[in-house]
Amino acid sequence: MKEVTSCEFNMDTACVELHFSDGSTIAVSTIAVENEVADSMYQRSELDWLIYNKPMEYAQLVLGGEIEKYLKGTADHRLED
């Protein structure tokens, strides 16, 4: 099974990039995610905080399909500071 070796926000591409042990990469477009799920400037601000401070958790929420639940406050796994 592939393991994530690093996860970081790339300011040049506006993507959260996950790098795996087999050399593969997944890039999550933060602009596309915000345009799709954020309904207010407060939700965009919440996403921005995650992107800069917890990019791995952000990627997990997006790839797991939980980002909308997180924004609506219904996720059981609300992230702590």
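A. Local environment of the overall build of the protein. A tally of helices and strands in the protein yields 4 helices and 3 strands. When its helices and strands are written in sequence order, the protein yields β-β-β-α-α-α-α. Restricting to contacts in the protein with at least 6 residues of sequence separation, those with at least 24 account for 33%. Surface exposure of the protein reaches about 5300 Å², of which carbon and sulfur atoms provide 49%.

B. Highlighting the packing of helix α1 (residues 30-37) against helix α2 (residues 41-53). In contact at an axis separation of 10 Å, α1 and α2 are set at 150° when each is read in the N-to-C sense. Considering their axes alone, α1 and α2 lie roughly antiparallel with respect to each other. Where α1 crosses over α2, the handedness of that crossing is right-handed. Of the residues in α2, those in contact with Thr30, Glu34, Asn35 and Val37 of α1 are Gln43, Arg44, Leu47, Asp48 and Ile51. Residue composition of the contact of α1 with α2, grouped by class: 3 nonpolar, 3 polar and 3 charged.

C. Representation of the packing of aromatic side chains within the structure. Evaluation of the coordinates by the stated rule reveals 1 aromatic pair. Taking the centre distance of 5.2 Å and the plane angle of 75° together, the rings of Phe9 and Tyr52 count as edge-to-face. Here Tyr52 lies in helix α2 and Phe9 lies in strand β1 (residues 4-10), a separation of 43 residues in the sequence. The ring of Phe20 has Lys2 sitting right over it, with the charged end atom 5.1 Å from the ring centre.

D. Region of the structure containing the pairing of β1. Two elements, β1 and strand β2 (residues 15-20), share 6 bridges in a ladder whose sense is antiparallel. By the bridge assignment for β2, Asn10 is matched with Cys15. Counting the residues between successive antiparallel strands, the hairpin from β1 to β2 contains 4 residues, one of them, Ala14, with a positive phi of roughly 55°.

E. View of unusual backbone geometry. Phi at Ala14 takes a positive value of approximately 55°, unusual for a residue other than glycine. Within the fold, Ala14 resides in the loop between β1 and β2.

F. Structural detail: the pattern of salt bridges. Taken as a whole and judged by the stated rule, the model has 3 salt bridges. Arg44 is the salt-bridge partner of Glu34, the closest N and O atoms lying 3.2 Å from each other. Linking Glu34 in helix α1 with Arg44 in helix α2, this pair joins segments that are 10 residues apart in sequence. Residue classification places Glu34 among the buried positions, given a relative accessible area of 11%. Notably, a salt bridge pairs Lys72 with Asp39, separated by 3.9 Å at the nearest N-O pair. Of this pair, Lys72 sits in helix α4 (residues 67-72) while Asp39 sits in the loop between α1 and α2, placing them 33 residues apart in sequence. Since its relative accessible area comes to 55%, Lys72 is described here as exposed.

Rules used throughout
Residues numbered from 1 in each chain as written. Predicted model: local features only at pLDDT ≥ 70, side-chain atom pairs only at ≥ 80, totals over all residues. Heavy atoms only, no water. Helix = DSSP H or I, 4+ residues; strand = E, 2+ residues; numbered from the N terminus. Contact = heavy atoms within 4.5 Å. Areas by Shrake-Rupley, 256 points an atom, 1.4 Å probe, with all protein chains shown as cover. Axes fitted to C-alpha atoms, helices over the stretch in contact; angles between N-to-C directions. Parallel < 35°, antiparallel > 145°, perpendicular 65-115°, else oblique. Left-handed = near helix turned anticlockwise from the far one by under 90°. Nonpolar A, V, L, I, M, F, W, Y, C, P; charged D, E, K, R; others polar. Phe/Tyr/Trp six-rings, centres within 6.5 Å; stacked < 30°, edge-to-face > 60°. Lys NZ or Arg CZ within 6 Å of the ring centre and 35° of its normal. Pairing = 2+ DSSP bridges. Salt bridge = Lys/Arg side-chain N within 4 Å of Asp/Glu carboxyl O. Buried < 20%, exposed > 50% of the residue type's maximum accessible area, 1.4 Å probe, protein only.

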